[in-house]
Structures are given as structure tokens and as C-alpha cells.
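What the coordinates show
Here is how the chains run, residue by residue.
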Amino acid sequence: MIIGIDLGTTNSLVAYMDGDHCRVIPGPDGRATVPSIVGFLDNGMLVGDPAREHLVRSPSRTVYSVKRFMGKALADVADELKYFPYTLQEKGGVIRIQIGDTLYSPPQVSATILKELKRRAEAHLGEDITKAVITVPAYFNDSQRQATKDAGRIAGLDVLRILNEPTAASLAYGLQQRTRGFIAVYDLGGGTFDISILKLKDGIFEVLATNGNTHLGGDDFDRRMVEVVVQDMNTRHGVRVEESQELMQTIRLEAEKTKRRLSDERQVHMAISLSDGKGIYERTWSRDEFEALIVDLVEQTMASCRLAMKDAEVEPGQIDEVVLVGGSTRIPFIHDRVRALFGKTPHCDLNPDEVVALGAAVQAGILAGDNKDMLLLDVTPLSLGIETMGGVMNAIIRRNTTIPTSAREMFTTSVEGQTSVDIHILQGERDLVKDNRSLARFQLKVPPLPAGGPRIEVTFLIDANGMLNVTAADIRTGQSQSVVVKPSYGLTDDEVENMIRESFQFAQQDVQARQVIEARVEAESIVTSTELALQRGMDLIGREEVQTIQQAVAELRAAKNQNDHRVIRSKIADVEHVTHHLAEVLMDATLKEALENKKLSEVRD
Ligand code: AMP
């Protein structure tokens, strides 16, 4: 059994495939959502609802919204700090949350939530669970995805796939069964808003664009209502709400409750009792009034949708399916605005709080082999490429490219009369071949031609299962050779992480080494071609000029082995400078020859 997990900013859920149906797993209280909150006690931790209560009592020892810190450095979240009462530190380039004297990494805190979900699933299904699919926002970068995987590992879960939340929502509605189309996923939760534009082709989802606001959601609607009530209480009852934390908290809860009821009723009565014999505060809210209060916030989300469509280069009319995600999309006004914008009735039959977890379960079912005819996107963890002259790696498919994918590049030979080319396939982020991983090598036969003559097309294709197929073809002869390898075979996550880390660590050193090698390769070819030109043009230029050129070539040959690419480059420039005249003379001679040949053939005709 593989479970599907929606690890959310405010709430998390776990779901699984029960035959053909995906189902969320409820907790002991019957509710499926676990608030993504972790409370730290002296002798343990609280997760979910108990931690929410702990938040009120001990805010500095309760962590919420940890998802915002996943895979980030302290500098990345400078703007967020004002929202959080707890202390953040940095260690090893990673944020740590300080609780008392102990530092916790965000994956550690997230792992506590995952463990709770794992425990629920095990209790419900009556078996040990060790494998999961976890969802992340489509805009999460590689380190945020990696941090999510790490959290899974800490919780004792093998994370088989990190799935994009909008893709999960589309899967929950079975949209993969369409052959092709554009999908808009509008996700408005309690604290965040995301819009994603997906392209579906042959059962494969591709994220074309995302937009949103990481601090916009249902909480802001509550806050607007709270402001009205606070103002009202002051003018009507002379109550200064700011002075009572408790009253403030009651208003917040009542506002949220009223907001929810306004999704079903056109009018809702609100009553809050005031302490100190000040009576009861009463107010009737109409749906129209509520809509007027939030219209500007809703319009902001519409503007984001338009920007995302612009980035994805699609018009609203081209969107085939619209999916609603997140509790706030239950608000009828939002539903209507989304329908008006895209000109389509959005999918909203499933519980918008559960739809991402349900989709994660669908993906888990596919991975478990329940549905074999479906392909789904993954990304390449490391770059793939081939070796070129001088031991340099030339990347053809970059790290983090969504698969399936293919890319092709043209290459040529560097040696006169070469009869075969060596295709050496590499994986890794470093510039030099020796620092990367060798995956396979093969040879392609080519007819002997001058250096630079053959045109060899190298194609890399990664299929949906991550298999890499490399083909090299000689464009002139049509001859080709290919090989199939599994790039991820035998690589642990740690090794992948290590390779990426090293590529950053050695970046500067690598660039220098590459520049030296490239300059040497160029120097080599200039020495050879200049000597050839000199043989042909010896009699057409003066003795002194011949000597100058020979001298410059000798200096370039000597400089070639230096480790400073600038020295080599300057000698290359010298040779180019002194051979300028020779090149012109040879060009004239060639032209003259060609003209004479033409005349001859005209006479013969
Ligand atoms: P989520 O993060 O998806 O759990 O979204 C929670 C947000 O949805 C909170 O701001 C809730 O107040 C809001 N929400 C839940 N149900 C409703 C509803 N029926 N009407 C309006 N907002 C709702």
C-alpha cells in the first residue's frame, strides 16, 4: 500500500486507493484534516488539534506554517519573519527553528506531521506503511522538494514521488483521461493563493505557469470581518477590544464561523457576549455585505489568473477545465468570479480541502501498479550530457527538466580524417568529465573527412520511466548508433544531493578549468590549420612574413600548455593577427582558381 499525502501550510491529510476509489483517512474524531501545527513540550511533541490549543498557551513553543521554511535559507524568508512568534536561526545554510535550547530543521518539524499521518493510516488500514507520494506547490524549487523528501525519510517514509498540487487536484477529477487540453487550477486556502496553468497531453501534465500570493486567503477575509466588528463594538458599546486578547480571539472565531455560514445562507446573525455587564453585541451580516468587504482581495486573485495565462500564452477561452482547490473556494462569490473569468463551470464536486490528498492517492495507486496505462511527469535529478574535446562535459538535458523529454545537438570531429567518434554519456553538474558520473559509451563510424566536416546529431530522450535513450547519427551517411541506460540506477538520494552540492562548491574552479581546456583545443586546431595554410601559401608571400607567422605559431605552441587561458587566448589572437594577409592571399588564389576552372568548363561545353 502506498499512501498519498497533502502536506499543507495550514492543514495536512492522508488518503489511499480503496479499489477504484480514493478515500481520505479520518482521525479518531472523524475529521480528516490534521492542522499542520507542532507543539513542543518538555517531554515530547503534540501534533494537530492538540497543538493548536498549545499555540494559545505557549506560542513560542508551537510551530505552524513550517512549510514556508522548507528548503530555504534565512535570507529567503526575511519578509516572512514578522508573521512568526518563534525564533529562527541558520545553520549550514538551512533555517533552524529554535525551541528552548534546541534547534529543529523544517524537515524535522514536517516529519512530525508526516509521522502522525503515517500513524493514522496504519491504524486505519491495519498494516505497516512505508511508502508515500507527497504533494508540493508547483512553484517549489529543487531544494524545497528535496527538503520535503527529507521530511518523509525522517518520518520513516520512502517518498516515491513528489507530486505537484495542481496535478494532484486534476488527477482527483480524473482529468488525465482527456487526451489533451489546458487546465487551470485555482487554489485558495486559509493563508495562500495559487493559480496554476497546466497542459495535458497524452496523459502527461506539464506546468506552464504559476502565479499567486503566499499571504492571501480565507484568514484575510476573517480579518476584514473582525475589523468591522471591533469598530462596531467600540462605537456602539464603548468596548476597546484591543485590550482583551480573549475577546479578540472570540471575535476571530465568530467571524470565521459567520463567513462559513454565509456560503450557504444569504443572511447570518452574529451574537457575541461582552464581559463586564456590557451586554451582547449583535449584528446581521448579509452575503452582499460580505462580498463587498472582500471584493478587492478576490480581484487580486483574478489579476494573478490573468498573469498566469499570459505567461502560459493561453487565452481564457482556450482553458478546457477549471479545478477549485482550498476551503475558501466554497464561497459562492469566488466560484462565480472564477466561472466568469474562464467562461467555464469549475469542478467543485469533491471536497476542496481533500482534493489534493485524493489526487496524491490516485498517483500512489498508479505507482503501486493499479493503473498501468498512465504516464506522469517526474524530473531529472541531475544533468545528462556527453564528453567533448579536452575532457569537458556538454550538458544536453539540464537537471530538473520534467520528463518525458528529448533534446538534440549537433557535433563534429576535431581530427583530420577521423573514422569514428566516441560518444561518452555523462551525468552530473560539474564542468569536467572526470568529476561527473560515466553512464555509458559507444562509437559511431564516420567516413574520413577534414576536421569539422562530419555533422553528427546526438539525441537524448528520456521516457516516462526515466530510461535514457541516446542516439548519434551521421547526417551525411544516415548511419546511426544508440544505447539505452537508466540514469538513476544505483544512485542514492544522498549521492545525488552530494553531486549537486559539489557543483556549487567547485563552480569557480570548474569554470577556470573549462576555459583553459577550451583555449587549448582551439590553439591546437589553429596551429594545425595555420601550418597547412603556410604550406599552401609559402610562395605567395614574402620570406619575412613567413618567418613572422612561424614565430607566432611557435609561441602559441609553447603557450598552449600554460594554465592561464588568457595567455593562450592572447597568443591565439597574435597568430590570427599575423595570418590576416596570408588568409586574404589564399582566398584570392582560391577564387582565381575557381574562376579559371569555370572558364575551362565553359570552353569545354
Ligand atoms: P484550507 O487551507 O484549504 O483548509 O482552507 C481553509 C480556509 O477555507 C479557511 O480560511 C476557512 O475559513 C475557509 N473555509 C472553509 N470552509 C468554508 C466555507 N464553507 N465558506 C467559506 N470559507 C470556508
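Residues numbered from 1 in each chain as written. Predicted model: local features only at pLDDT ≥ 70, side-chain atom pairs only at ≥ 80, totals over all residues. Heavy atoms only, no water.

**Considerations on the pairing of strand 6 (residues 44-47)**
Short version of the rule: Should DSSP find at least two bridges between two strands, the strands are taken to pair. Secondary structure elements follow DSSP: runs of H or I of four or more residues count as helices, runs of E of two or more count as strands, with numbering from the N terminus.
Pairing between strand 5 (residues 37-41) and strand 6: four bridges, direction antiparallel. From the neighbouring strand, L41 faces strand 6, where its bridge partner is G44. Where strand 5 folds back on strand 6, the antiparallel hairpin that results is connected by two residues.

**What about the sheet that holds strand 7 (residues 62-64)?**
Working definition: the strands of a sheet are paired by backbone hydrogen bonds and lie parallel or antiparallel to each other. Put simply, the rule is: For helices, the fitted line uses only the C-alpha atoms of the stretch in contact; every axis is such a line through C-alpha atoms, and the angle between N-to-C directions lies from 0 to 180 degrees. Two residues form a contact once any of their heavy atoms are found within 4.5 Å.
On the basis of which strands lie adjacent, the open sheet formed by three strands has the order 6-5-7 and antiparallel pairing. If you trace the sheet from one side to the other, it starts and ends with strand 6 and strand 7, each paired once. Taken over all neighbouring pairs, the strand axes of this sheet differ in orientation by 20° on average, direction set aside. In this fold helix 1 (residues 49-57) packs onto strand 5, strand 6 and strand 7, with an angle of close to 65° to the strand it touches most, strand 5. Against the sheet, helix 2 (residues 106-125) engages strand 5, strand 6 and strand 7, with an angle of about 105° to strand 5.

**Remarks on the environment of L198**
If you trace the backbone, L198 turns up in strand 14 (residues 193-201). Between the alpha carbons of L198 and T210 there is a distance of 8.9 Å; along the sequence they are twelve residues apart. What L198 contacts, discounting residues up to four positions off in sequence, is P166, T167, S170, G181, F182, I183, V185, F205, E206, V207 and L208.

**Observations regarding the pattern of salt bridges**
Defined as follows: Salt bridges are identified by distance alone: a Lys or Arg side-chain nitrogen within 4 Å of an Asp or Glu carboxyl oxygen. Exposed residues in this analysis have more than 50% of their type's maximum accessible area, buried residues have under 20%, and partly exposed residues fall in between, with area computed by a 1.4 Å probe over protein chains only.
Evaluated as defined, the whole model comprises 37 salt bridges. Ionic pairing is found between R557 and E531, a salt bridge with its closest N-O pair at 2.7 Å. Taken as a pair, R557 in helix 12 (residues 543-559) and E531 in helix 11 (residues 507-537) lie far apart in primary sequence, 26 residues in all. E555 is paired through a salt bridge with K571; the nearest N and O atoms lie 3.1 Å apart. Here K571 lies in helix 13 (residues 565-578) and E555 lies in helix 12, a separation of 16 residues in the sequence. Judged by relative accessible area, K571 falls into the partly exposed class, the value being 21%.

**Side note on the domain arrangement of the chain**
The condition is simple: Start and end points for every domain follow an automatic or database-based domain assignment. A 1.4 Å probe defines the accessible area here, and the buried area is the portion of it lost by two parts on being joined, summed over both. Between N or O atoms, a polar contact is any pair within 3.5 Å; within protein, one atom must be a potential hydrogen donor and the other a potential acceptor, and residues adjacent in sequence are included only when both atoms are from side chains.
Looking at the assigned domains, one finds that the chain contains domain 1 (2-217 + 294-377), domain 2 (218-293), domain 3 (382-490) and domain 4 (495-601). Of the roughly 1200 Å² buried where domain 1 meets domain 2, counting both sides, 58% is carbon and sulfur surface. Our count for the domain 1 to domain 2 interface comes out at one salt bridge. Linking D296 and R224 is a salt bridge whose minimum nitrogen-to-oxygen distance equals 2.7 Å. Run the count over domain 1 and domain 2 and you get eleven residue pairs in polar contact (both at pLDDT 80 or more).

**With respect to the state of the cysteines**
Defined as follows: We call a pair of cysteine sulfur atoms a disulfide when they lie within 2.5 Å.
Taken as a whole and assessed by the stated rule, the structure comprises zero disulfides. Here C22 is not disulfide-linked; the sulfur of C348 is the nearest cysteine sulfur, at 16 Å. A residue is classified by how much of its surface remains accessible, and C22, at 24% relative accessible area, is partly exposed. Residue C348 is classed as partly exposed on the basis of its relative accessible area of 36%.

**Comments concerning the pairing of strand 12 (residues 158-164)**
Here is the rule we go by: Orient the strands so they point away from the viewer; a crossover is then right-handed if the path from the first strand over the helix to the second runs clockwise.
The buried count for strand 12 comes to five of seven residues, which makes it a mostly enclosed element. Relative to strand 12, strand 11 (residues 131-136) is paired through six bridges, and the arrangement is parallel. Paired with V136 across the bridge in strand 12 is N164. At this point the chain moves from strand 11, through helix 3 (residues 142-154), to the parallel strand 12, and the crossover so formed is right-handed.

**What to know about the sheet that holds strand 25 (residues 437-445)**
Strand order in this open sheet of four strands is 21-20-24-25, and the pairing throughout is antiparallel. In this open sheet, the two edge strands, each paired with only one partner strand, are strand 21 (392-397) and strand 25. Along the sheet, successive strands turn relative to each other by an average axial angle of 30°, direction set aside. Bridging between strand 24 (residues 420-427) and strand 25 involves eight bridges; their strand directions are antiparallel. The residue bridging D422 from the neighbouring strand is Q443, located in strand 25.

**Overview of the nonpolar core**
To keep it simple, the criterion reads: Joining through side-chain atoms within 4.5 Å is the link that ties buried Ala, Val, Leu, Ile, Met, Phe, Trp, Tyr and Cys residues into a set, and such a set is a nonpolar core.
With 45 residues, the main nonpolar core has Y186, I195, I197, M233, I251 and F342 as its most contacted residues. When residues of this core are assigned to their parent elements, the largest contribution, nine residues, is made by helix 7 (residues 287-312). The residues touching M233, leaving out its near neighbours within four places in the chain, are G238, V239, V241, L247, I251, I272, L274 and Y281. Of all hydrophobic cores here, the second largest spans 39 residues; its members include Y86, A132, I134 and L157.

**Focus on helix 9 (residues 355-367)**
To keep things clear, this is the line we draw: Working rule for helices: expected span equals 1.5 Å times residues minus one.
For helix 9, which comprises 13 residues, the first-to-last C-alpha distance of 19 Å matches the rise-based estimate of 18 Å (1.5 Å per residue) to within 8%. Of all the residues in helix 9, the buried ones are V355, V356, A357, L358, G359, A360, A361, V362, Q363, A364, G365 and I366. Just beyond helix 9, the residue with positive phi is G369, at close to 95°.

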